[in-house]
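What follows is each chain in one-letter form.
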Amino acid sequence: MLLDAKIPGGPLASKWSEHILHSKLVNPANKRKYHVLVVGSGLAGASAAATLAELGYQVSCFCFQDSPRRAHSIAAQGGINAAKNYPNDGDSVARLFYDTIKGGDFRSREANVHRLAEVSSNIIDQCVAQGVPFAREYSGLLDNRSFGGAPVSRTFYARGQTGQQLLLGAYQALSRQIGLGTVKMHPRTELLDLIVVDGACRGIVVRDLVSGQISSHLGDAVVLGTGGYSNVFYLSTNALGCNTTAIWRAHRRGAGFANPCYTQIHPTCIPQSGDYQSKLTLMSESLRNDGRIWVPRTPGDRRNPANIPDGERDYYLERLYPSFGNLCPRDIASRRAKEQVDSGRGVGELSNGVYLDFSEAIGRLGQPTIQARYGNLFDMYARITGEDPYRVPMRIYPAPHYTMGGLWVDYNLMSTIPGLHVVGEANFSDHGANRLGASALMQGLADGYFVLPVTIGNYLAGPRPAPLAADAAAVRAVEDEVRQRVSKLVDNDGDLSPTHFHRELGRIVWNYCGMGRNAAGLRTALDQIPVLREEFHARVRVPGSGESLNQALERAGRVADYFELAELLCRDALEREESCGGHFREEHQTEEGEARRDDVNFAHVAVWEWTGASGQQRRHTEPLAYEAVELTQRSYK
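On a predicted model such as this, the values are computed, not experimentally measured, just so you know.

1. Regarding the overall build of the protein
Here is step 1 of the chain: Within the protein one finds 17 helices and 19 strands.
Here is step 2 of the chain: In summary, the protein has a C-alpha radius of gyration of 24 Å against a globular reference of 26 Å for 637 residues, a match within 12%.
Here is step 3 of the chain: Counting only C-alpha atoms and orienting by the principal axes, one finds that the protein spans roughly 75 × 60 × 50 Å.
Here is step 4 of the chain: Of all intrachain contacts in the protein linking residues separated by at least 6 positions in sequence, the fraction that spans at least 24 positions is 74%.
Here is step 5 of the chain: Just so you have it, the protein exposes about 23,400 Å², and 48% of that area is on carbon and sulfur atoms.
Here is step 6 of the chain: Charge centroids of the protein, computed over 68 positive and 70 negative side chains, lie 3 Å from each other.

Next comes the structure, spelled out in structure tokens:
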């Protein structure tokens, strides 16, 4: 597998502008001759589809939801980062770049991160022009707040609905192109495989989720904007429909999978309340601006929080990290919360949470101010828990959230399969071993609005493959493979549901490859996952048929892919003998319990190549070279 990152030469600050200058261009009159398939309609997919169509390309966009408005990007709450420095508190492109590199524990590609910081300000201007209702301060300027891992206020927000508002902006841009006929939308359609001919991606095979019809779509390039894979843990903050099938099928067709072990545990989620749950609820990291996190100092203290005096509370993040306090990065805040619960100081009926307390902020600012900033989040918490967070502290605990790993891409956002481009959370490129809060929306829109529309020309303006007919043998062969997989699941004479196996798989991955990992536990997981996978294929039951709406069939196919991904995730974690960001190997930590990196042996991207069988992928590396930053031990004290 050739890993040519295509990083431009020259000074870091000018790499992107020089790359734009020397990129291949498609003549405006010729763009309509090219057909681009965009899979996914969240922020990355919708913005890419809309922008490519606006440029003149013919675009087909696919999503498994009934509308692009239901993409999981809508669930993002707290905000989007940009280096505009409106508060005049010292922010800059250089500082956003450094905070992102440091937040990712020096395990991201330097050139990509600097480009992300450069285009961040353009994203805000684009969204304001689309009518996104960002919060504004008294002077009329857009307001900003802080997020974890940043010493400045650079996060633009729309109360606790930022993802929803940004998605509506991208959706209206996409809808305009649908109305003009330059985008053909395919809702309720799931990608089940890729068509790769002579080493290049030529199209996709999909299943209509209503009729069950399996069909092929051919194009000159394919763009995956299909999100992350945190549902491998079963319980996560992701929507139930979020899955890994698109990127996993691409991996099986030859796309390198980078850093699968880099998964993020979000520190601010509502704790699990029982085994009946199918997902967990995110409470925005923005709450950590005004909420103070604490636990009782005495293990087993079951008193009402109002009856625990301030002197008997441990504001442990403020104690351990006086400089950043409650706004330390997500990986650090998550591990420290786990330590408190494991030590017997957890709160709530199941003793599985810590307090996020707004009493001091309400006393200082008044309830109307807190309500204006976070009202919808407080309402959501009250509906779910039956508790009033204005009167009693919220209870929070870490949960699987974002995945920094994904398909490997070069500087042009193209995978190791020519013609297959990957945007947003589905690729690996920008966040290293830990994503800073409010950077997911930034990357998705940067890729879709500003990066891919430029870089895709480097592929499309090159030599064109020979035309491929819809009834070509290579196309029919992939369709037949998909039909066989569907038939095998439907015809299996099993007795257990796909959800049963998903839940059991999630327990293995969470217990042995969650917030804390060690060699013995990872080997245990690698022993247990293949056994459970074999049981799945022998005993899974899918009622109904493949020729109609069948959500059990959808779930079964996705769980089958999760089994293979889980094995690779644990293997990657076992091979990476260091701690960095969200990948915390318990054997590799400092005396203070912080992550200890091994820059000599692991300052690289681990890229896995499919070799024909799960668990037998070949590991490749892309060295990470740093020109503008010095590799240091992260400190937020």
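2. Quick word on the sheet that holds strand S17 (residues 420–422)
Strand pairing in a sheet relies on backbone hydrogen bonds, with the paired strands running either antiparallel or parallel.
Here is step 1 of the chain: Ordered in space as S5-S2-S1-S9-S17, the five strands form an open sheet in which the pairing is parallel. Of all the strands in the sheet, just strand S5 (183–186) and S17 have a single pairing partner and so form its edges. With direction set aside, neighbouring strand axes in the sheet form an average angle of 20°.

3. Things to note about the sheet that holds strand S10 (residues 257–258)
Here is step 1 of the chain: The four strands are arranged S16-S10-S18-S19 in an open sheet whose pairing can be described as antiparallel. In this open sheet, the two strands that pair with only one neighbour each are strand S16 (406–407) and strand S19 (618–623).
Here is step 2 of the chain: One ladder, built from six bridges, connects strand S18 (residues 604–609) with S19; its direction is antiparallel. Of the residues in S19, the one forming a bridge with histidine 604 is proline 623.
Here is step 3 of the chain: Helix H16 (residues 551–575) contacts S10, S18 and S19 of the sheet and is inclined by roughly 145° relative to S18.

4. A few points about the domain arrangement of the protein
Interfaces are frequently sized by the accessible area removed from exposure as the parts join.
Here is step 1 of the chain: Partitioning the protein into domains gives domain 1 (268–401) and domain 2 (473–596).
Here is step 2 of the chain: Residue-level contacts link 11 residues of domain 1 with 11 residues of domain 2.
Here is step 3 of the chain: At the junction of domain 1 and domain 2, the tally comes to one salt bridge.
Here is step 4 of the chain: Contributions of two or more residues to the side of domain 1 that touches domain 2 are made by helix H8 (330–345) and strand S15 (394–403).
Here is step 5 of the chain: With six residues, H8 is the single largest residue contributor to the side of domain 1 that touches domain 2.
Here is step 6 of the chain: Class assignment for the residues of the side of domain 1 that touches domain 2 results in five nonpolar, one polar and five charged.

5. As for the packing of aromatic side chains
In this description, an aromatic ring pair is defined by two values, namely the gap between the centres and the angle between the planes.
Here is step 1 of the chain: For the structure on display, the rule yields 18 aromatic pairs.
Here is step 2 of the chain: Relative to tryptophan 610, the ring of tryptophan 248 lies with its centre 6.2 Å away and its plane at 85°, an arrangement referred to as edge-to-face. Remark: tryptophan 610 occurs in the loop between S18 and S19 and tryptophan 248 occurs in helix H6 (residues 245–252); sequence separation between them is 362 residues.
Here is step 3 of the chain: The exposure class assigned to tryptophan 248 is buried, which follows from its relative accessible area of 0%.
Here is step 4 of the chain: You can call tryptophan 610 buried: its relative accessible area is 14%.
Here is step 5 of the chain: Taken together, Tyr229, Trp248, Phe257 and Trp610 form an aromatic cluster joined through their ring pairs.
Here is step 6 of the chain: Positioned above the aromatic ring of tryptophan 16, the side-chain terminus of arginine 115 is 4.9 Å from the ring centre.
Here is step 7 of the chain: Sitting over the ring of tyrosine 411, arginine 115 keeps its end group 4.1 Å from the ring centre.

6. Quick word on helix H10 (residues 367–385)
Here is step 1 of the chain: Helix length check: H10, at 19 residues, gives a terminal C-alpha distance of 20 Å against a target of 27 Å (1.5 Å per residue), a shortfall beyond 12%.
Here is step 2 of the chain: Regarding H10, the residues found buried are Ile370, Tyr374, Gly375, Asn376, Leu377, Phe378 and Tyr381.
Here is step 3 of the chain: Elements in contact with the buried residues of H10: helix H9 (359–365) and S15.
Here is step 4 of the chain: Looking at the residues trailing H10, positive phi occurs at glycine 386, about 75°.

7. Some details on the packing of helix H14 (residues 498–513) against H16
Here is step 1 of the chain: Interaxial distance between H14 and H16 falls to 9 Å at its minimum, and their mutual angle equals 15°. Classified by the interaxial angle, the pair formed by H14 and H16 is roughly parallel. Of the two elements, H14 crosses H16, and the hand of that crossing is left-handed. Between H14 and H16, the residues in contact are Pro498, Thr499, Phe501, His502, Leu505, Val509 and Cys513 and Ala552, Arg555, Ala556, Val559, Tyr562, Phe563, Ala566, Leu569, Cys570 and Ala573, respectively.
Here is step 2 of the chain: Grouping the constituent residues of the contact of H14 with H16 by class yields 14 nonpolar, two polar and one charged.

8. Regarding the layout of surface pockets
Here is step 1 of the chain: Reported here for the second largest pocket is a volume of approximately 550 Å³.
Here is step 2 of the chain: Along its surface, the second largest pocket is lined by 23 residues, and Arg249, Arg485, Leu489, His537 and Ala560 are the ones closest to its centre.
Here is step 3 of the chain: Contributions of two or more residues to the lining of the second largest pocket are made by strand S6 (189–197), H6, helix H13 (473–491), helix H15 (519–539) and H16.
Here is step 4 of the chain: Top element by residues in the lining of the second largest pocket is H16. It accounts for seven residues.
Here is step 5 of the chain: Class assignment of the residues belonging to the lining of the second largest pocket gives a composition of seven nonpolar, four polar and 12 charged.

Here is what the cut-offs are and how they apply
- Residues numbered from 1 in each chain as written.
- Predicted model: local features only at pLDDT ≥ 70, side-chain atom pairs only at ≥ 80, totals over all residues.
- Heavy atoms only, no water.
- Helix = DSSP H or I, 4+ residues; strand = E, 2+ residues; numbered from the N terminus.
- Rg over C-alpha atoms; globule rule 2.2 N^0.38 Å.
- Contact = heavy atoms within 4.5 Å.
- Areas by Shrake-Rupley, 256 points an atom, 1.4 Å probe, with all protein chains shown as cover.
- Lys, Arg positive; Asp, Glu negative; His and termini not counted.
- Charge placed at Lys NZ, Arg CZ, Asp CG, Glu CD.
- Pairing = 2+ DSSP bridges.
- Axes fitted to C-alpha atoms, helices over the stretch in contact; angles between N-to-C directions.
- Domains from an automatic or database assignment.
- Salt bridge = Lys/Arg side-chain N within 4 Å of Asp/Glu carboxyl O.
- Nonpolar A, V, L, I, M, F, W, Y, C, P; charged D, E, K, R; others polar.
- Phe/Tyr/Trp six-rings, centres within 6.5 Å; stacked < 30°, edge-to-face > 60°.
- Buried < 20%, exposed > 50% of the residue type's maximum accessible area, 1.4 Å probe, protein only.
- Lys NZ or Arg CZ within 6 Å of the ring centre and 35° of its normal.
- Expected span 1.5 Å × (residues − 1).
- Parallel < 35°, antiparallel > 145°, perpendicular 65-115°, else oblique.
- Left-handed = near helix turned anticlockwise from the far one by under 90°.
- 1 Å grid on protein atoms, 1.4 Å probe; cavity = no way out; pocket = protein on both sides within 12 Å on 5 of 7 lines; lining within 4 Å.
- Points joined across faces, edges and corners; volume = space filled by probe spheres on them.

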